Amino acid sequence: MKVLGICGSMRKTGNTSVLVKKILDYVKDEGCSEFETDYLSLSGLKISPCTGCEKCREKKWCILKDDWDTIAEKMTGCDVLVIGSPTYFYDVSGQVKNLIDRTYSLYHDRKLAGKNAVVVSVCADRGGERTLETLEGFANTHGFSSLGFVAGRGFGEGDVINDERSTEKCIEIGEKILKLVSNTHRSGQKKR
Ligand SMILES: Cc1cc2nc3c(=O)[nH]c(=O)nc-3n(C[C@H](O)[C@H](O)[C@H](O)COP(=O)(O)O)c2cc1C
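Predicted model only: the values in this text are computed from it and were never measured.

Participant: For this particular structure, what's the right way to read the environment of Trp68?
Facilitator: Relative to the elements of secondary structure, Trp68 occurs in helix α3 (residues 68-77). When the C-alpha atoms of Trp68 and Asn15 are compared, they prove to be 23 Å apart, with 53 residues separating the residues in sequence. Beyond its immediate chain neighbours, meaning those up to four positions away, Trp68 contacts Lys46, Ile47, Trp61, Cys62, Leu99, Arg102, Thr103, Ser105 and Leu106.

Participant: Just to check I follow, could you spell out the packing of aromatic side chains for this structure?
Facilitator: Each aromatic ring pair is described using two quantities: the centre-to-centre distance and the angle formed by the ring planes. Following the criterion strictly, the structure yields two aromatic pairs and no others. Ring centres of Trp61 and Trp68 lie 5.3 Å apart, and the angle between their planes is 65 degrees; on these two criteria the pair is classed as edge-to-face. Each ring, one from Phe138 and one from Phe144, has its centre 5.7 Å from the other, and the planes form 45 degrees; the classification is tilted. Here the two residues Phe138 and Phe144 agree in accessibility, since each one is buried.

Participant: Looking at this model, I keep getting lost on the site of the ligand. Mind explaining?
Facilitator: Taken together, 17 residues sit near the ligand, with Ser9, Thr16, Asp125, Arg126 and Gly154 positioned nearest. At 2.8 Å from an oxygen atom of the ligand is found a main-chain nitrogen or oxygen belonging to Asn15. One nitrogen or oxygen atom from the main chain of Asp125 is found 2.6 Å from an oxygen atom belonging to the ligand. Contact with the protein chains removes 78% of the 640 Å² of surface that the ligand exposes when unbound. When its residues are assigned to classes, the shell around the ligand shows eight nonpolar, six polar and three charged.

Participant: Please clarify how the environment of Cys50 should be interpreted in this entry.
Facilitator: Along the polypeptide, Cys50 turns up in the loop between β2 (36-41) and α2 (56-59). Placed 47 residues apart in sequence, Cys50 and Lys97 show a C-alpha to C-alpha distance of 9.5 Å. Sequence-distant contacts of Cys50, defined by excluding residues within four places in its chain, comprise Asp101 and Arg102.

Participant: Help me understand the sheet that holds β2 in this model?
Facilitator: Sheet strands line up and pair through hydrogen bonds in the backbone, either parallel or antiparallel. Taken together, five strands build an open sheet; the order of strands is β2-β1-β3-β4-β5 and the sheet is parallel. Pairing within the sheet leaves two strands with one partner each, and these edge strands are β2 and β5 (145-153). Averaged over neighbouring strand pairs, the angle between their axes works out to 15 degrees when direction is ignored. Pairing of strand β1 (residues 2-7) with β2, which is carried by six bridges, proceeds in the parallel orientation. Its bridge partner being in β2, Lys2 is matched across the sheet by Glu36. Along the sheet, α3 contacts β1, β2 and β3 (80-86); its crossing angle with β1, the most-contacted strand, is approximately 145 degrees. The sheet contacts of helix α7 (residues 164-178) involve β1, β3, β4 (116-123) and β5, and relative to β5 the element is tilted by about 165 degrees.

Cut-off values and rules
- Residues numbered from 1 in each chain as written.
- Predicted model: local features only at pLDDT ≥ 70, side-chain atom pairs only at ≥ 80, totals over all residues.
- Heavy atoms only, no water.
- Helix = DSSP H or I, 4+ residues; strand = E, 2+ residues; numbered from the N terminus.
- Contact = heavy atoms within 4.5 Å.
- Phe/Tyr/Trp six-rings, centres within 6.5 Å; stacked < 30°, edge-to-face > 60°.
- Buried < 20%, exposed > 50% of the residue type's maximum accessible area, 1.4 Å probe, protein only.
- Near = heavy atom within 4 Å.
- Polar contact = N/O pair within 3.5 Å; in protein donor to acceptor, adjacent residues only side chain to side chain.
- Areas by Shrake-Rupley, 256 points an atom, 1.4 Å probe, with all protein chains shown as cover.
- Nonpolar A, V, L, I, M, F, W, Y, C, P; charged D, E, K, R; others polar.
- Pairing = 2+ DSSP bridges.
- Axes fitted to C-alpha atoms, helices over the stretch in contact; angles between N-to-C directions.

Structure representation (structure tokens):
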């Protein structure tokens, strides 16, 4: 069971990374050997916007050449996607929007359908709901099964650690991910 965490903040150690990593760490620490986690920050990566060329309808992959390929390969290879974004003007960051728009190329032959998704947003004050809606719209369109959401509050880098409601929700979500593998199977194989 491959669990991929994508953090769409431009701050490598920002609040979104705290929440996405919290979910992954729980799965890593509490899960059996069947679980494999991978974390990817979009910070510093080049993800150009979709040009609307529609060439992907035939190719079933985006023809633009940048870091998107590596991310898309990881996404198509995972079983659970945890995707998080900071709230920028009541919505996802531009980097996340670019990534999402380019997954149009994976939609034509439903490359992401049937996988599980968790969506995560962080805002300082307002707009986090719309960020979640955008991420949910992405996940629903592709046919992911939803394992839920985490909505965090924080402004300065790392502030979200004081938002107990969201950090506790990360544990709840982590448990849900672990339940994807049957309990009977887990009990004999716990890593620690
Ligand atoms: C360009 C920009 C736009 C932002 N817009 C909002 C907003 O609309 N609502 C809000 O509550 N916070 C807004 N914020 C604050 C961030 O959402 C907040 O600092 C969040 O914790 C950042 O997450 P990160 O640490 O993972 O980058 C904005 C920050 C930036 C840099």
